[in-house]
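A structural walkthrough
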Amino acid sequence: MKKTTAVSSGSRVKKNEAFLPIIFPEGFLWGSASSAFQVEGECLTHDFYDWALKGRIKDGTNPKDAVFFWKNYKSDISLMKKMNHSAVRIGIEWARIEPEEGHFDEKAIAVYRDMLKTMRKANIAPMVTLHHFSNPMWLVRKGGWKNRDVIDSFARFVEKIVPALGDLVDIWITINEPNIYASHAYFMGSFPPGEKNLFSMLKVQKNMALAHVKAYHLIHSIHTSKGFDRAKVGVAHHLRTFDPARPSSPLDRFSAFLCRKIFNDGFLSIINRDGITFDIFGINYYSGDLVSFPLMMKGRSELRKNKLGWDIYPEGLCRVIMEYWKRYKLPVYITENGTCDDNDELRPEYILDHLYQVNRAIAQGADVAGFYHWSTIDNFELVDGLMSRFGLIQVDKIKKSGELYAAVSKENAITSEITKKFVPHWKPL
Ligand code: BGC
């Protein structure tokens, strides 16, 4: 039975499981997320395919061999249904829709339409991302996101895809993690095109912000002119907690403040210059850093790490939700949260720990509308490749963590039956 209000026992545990059940608000959306190039497979016209050919993927795999969602989406959507999803986040591959500049592939658009219809039939509400890291090669040849023309190119893509799919989409995400894309592709050099230049990074962040603002207004006007439901538009923004490594050091405190200003808030401050340009606030949360002067990051030695060495810091999720909820007072969606764990050993507990923090934020007054676990299926992990696993599903088998997530989604709560069955020792942190 669905209950109506979020209940949390507060931050500390009472004895005898008095903290259970942890109940989510009625209508809370339970889903998972993926991006197009990380799951679709068989697309040879984007820059991550090219990056893999250049030998830049750690395990030597190529996104063309990702789990073939493009072909198998019907059976994958049945698995989502089995996991009691009420929502899902997918991506549209720009390079597939517009493989050559100005030439749109109508057949590919029809496949996306069918994908969305299949989700709707299963009562799974789609959230759709328009840009999630990968780019068409023709765009790359023109200077990619460094060239200001990208703002108009992206708008042309939006003008093509939104009228074609908007009636089936609940929420549009214009751009995924602009801060991660700009920093990894243009400053750290780990994503294509592999530049390491601070000025390029800032230029790209600015062009992405302007592209978002233009797309935001376009999507609204297309929905209105086509008579679709009012659009809900946002970004999926990567947020981290940054804390001073030595709290007593003013320099460390200042460095942590700078990280928050630049990494967490840089993009937001540009897109909101002339008024807020999102209707919902999407948070992708993975971890946090300790910062020492001058901008050196490290983890917290006391915390567990995932396969990629990232700190598992659930509390950070409640912290970022509360900070941005207080700032914008717009519905928050956890558009990504999950961990790299090849054998599904950490994931069950990871999920409970993070859901508990979402619930804490709700109990403190935040309007959190839904949670999208990253990822749905083991997918192509950016620069690590196919061997680094984030999914609730392995190919076509629901993992233990997927079953746990399905049970929580069904109950709309973390119950003692669920914890006993899946993580008997679990207690909220
Ligand atoms: C990205 C995903 C990625 C995940 C794990 C997020 O920052 O949006 O594409 O797979 O992190 O690294």
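Look up a bit, the structure's there.
Let me begin by describing the structure that accompanies this report. (Residues numbered from 1 in each chain as written. Predicted model: local features only at pLDDT ≥ 70, side-chain atom pairs only at ≥ 80, totals over all residues. Heavy atoms only, no water.)

1. Section: the pairing of strand β10 (residues 368-374)
Most of β10 sits inside the fold, with 7 of its 7 residues counted as buried. Of the pairings in the sheet, the one linking strand β2 (residues 29-33) to β10 comprises 5 bridges and is parallel in character. The partner of S32 across the bridge, within β10, is H373. By the bridge criterion, 4 bridges tie strand β9 (residues 332-337) to β10 in an arrangement that is parallel. Within the sheet, the bridge partner assigned to N337 lies in β10 and is H373. Note that the unit made of β9, helix α13 (residues 347-363) and β10 has a crossover that is right-handed. (Buried < 20%, exposed > 50% of the residue type's maximum accessible area, 1.4 Å probe, protein only. Helix = DSSP H or I, 4+ residues; strand = E, 2+ residues; numbered from the N terminus. Pairing = 2+ DSSP bridges. Right-handed = clockwise from strand over helix to strand, strands pointing away.)

2. Side note on the site of the ligand
The full set close to the ligand counts 14 residues, and Q38, H132, E177, E336 and E381 are the nearest of them. Within the side chain of Q38, an N or O atom sits 2.7 Å from an oxygen atom of the ligand. In the model, an oxygen atom of the ligand is placed 3.0 Å from a nitrogen or oxygen of the N176 side chain. Protein contacts shield 96% of the accessible area of the ligand, which totals 310 Å² for the unbound molecule. (Near = heavy atom within 4 Å. Polar contact = N/O pair within 3.5 Å; in protein donor to acceptor, adjacent residues only side chain to side chain. Areas by Shrake-Rupley, 256 points an atom, 1.4 Å probe, with all protein chains shown as cover.)

3. Remarks on the nonpolar core
A general tendency of soluble globular proteins is for nonpolar side chains to be buried together. W145, F154, I321 and V358 are the most contacted members of the largest nonpolar core, which has 126 residues in total. If one sorts the elements of this core by residue count, helix α9 (residues 198-226) sits on top with 10 residues. For V358, the contacting residues outside a window of four places in its chain are F24, F28, L317, I321, I334, V368 and F371. One finds M127, I173, C340 and W374 within the second-largest nonpolar core, a separate group that totals 15 residues. (Core = buried A, V, L, I, M, F, W, Y, C linked by side-chain atoms within 4.5 Å. Contact = heavy atoms within 4.5 Å.)

4. As for α13
In a regular helix each residue adds 1.5 Å, so 17 residues correspond to 24 Å; α13 covers 24 Å between its end C-alpha atoms and thus fits that length. The element α13 is largely enclosed, with a buried count of 15 among its 17 residues. Where α13 ends, the next residue or the one after it, G365, has phi of about 110°, a positive value. (Expected span 1.5 Å × (residues − 1).)

5. Considerations on the pattern of salt bridges
Taken as a whole, this structure holds 29 salt bridges when the rule is applied. A salt bridge links K142 to E101, with the shortest nitrogen-to-oxygen separation between them at 3.0 Å. Of this pair, K142 sits in the loop between α6 (137-141) and α7 (150-165) while E101 is found in the loop between α4 (94-97) and α5 (106-121), placing the two residues 41 residues apart along the sequence. By relative accessible area, K142 is classed as partly exposed at 32%. Since its relative accessible area comes to 33%, E101 is described here as partly exposed. Close ionic contact of D252 with R246 constitutes a salt bridge, the shortest N to O distance being 2.7 Å. When its relative accessible area of 0% is taken as the criterion, D252 is described as buried. Under the relative-accessibility criterion, R246 is labelled partly exposed at 47%. Via salt bridges that share partners, E98, E101, K142 and R156 belong to a single interconnected network. (Salt bridge = Lys/Arg side-chain N within 4 Å of Asp/Glu carboxyl O.)

6. Concerning the environment of F68
Residue position: F68 is located in the loop between α2 (47-53) and α3 (69-82). Sequence-wise, F68 and P21 are 47 residues apart; in three dimensions their C-alpha atoms are separated by 38 Å. If we ignore the near neighbours within four places in the chain, the residues touching F68 are V39, E40, G41 and E42.

7. A few points about the environment of I90
Within the secondary structure layout, I90 lies in strand β3 (residues 87-91). Sequence-distant contacts of I90, that is, excluding residues within four places in its chain, are made with S34, F69, M115, L116, M119, M127, V128 and T129.

8. Quick word on the pairing of strand β4 (residues 125-131)
Consecutive residues of a regular strand have side chains that alternate between opposite faces of the sheet. Buried residues dominate β4, accounting for 7 of its 7 residues. Looking at chain direction, β3 and β4 are connected through 5 bridges and run parallel. Directly across from R89, in β4, lies its bridge partner M127. Two elements, β4 and strand β5 (residues 171-176), share 4 bridges in a ladder whose sense is parallel. Looking across to β5, one finds that H131 is bridged to I175.

9. Description of the packing of helix α12 (residues 315-328) against α13
Contact pair α12 / α13: the axes reach a minimum separation of 8 Å and the direction vectors enclose 30°. On the basis of their axis angle, the class for α12 and α13 is roughly parallel. Relative to α13, α12 is oriented so that their crossing is right-handed. The residues of α13 that touch α12, namely those facing E315, L317, C318, I321 and M322, are H354, Q357, V358, R360 and A361. Grouping the constituent residues of the contact of α12 with α13 by class yields 6 nonpolar, 2 polar and 2 charged. (Axes fitted to C-alpha atoms, helices over the stretch in contact; angles between N-to-C directions. Parallel < 35°, antiparallel > 145°, perpendicular 65-115°, else oblique. Left-handed = near helix turned anticlockwise from the far one by under 90°. Nonpolar A, V, L, I, M, F, W, Y, C, P; charged D, E, K, R; others polar.)

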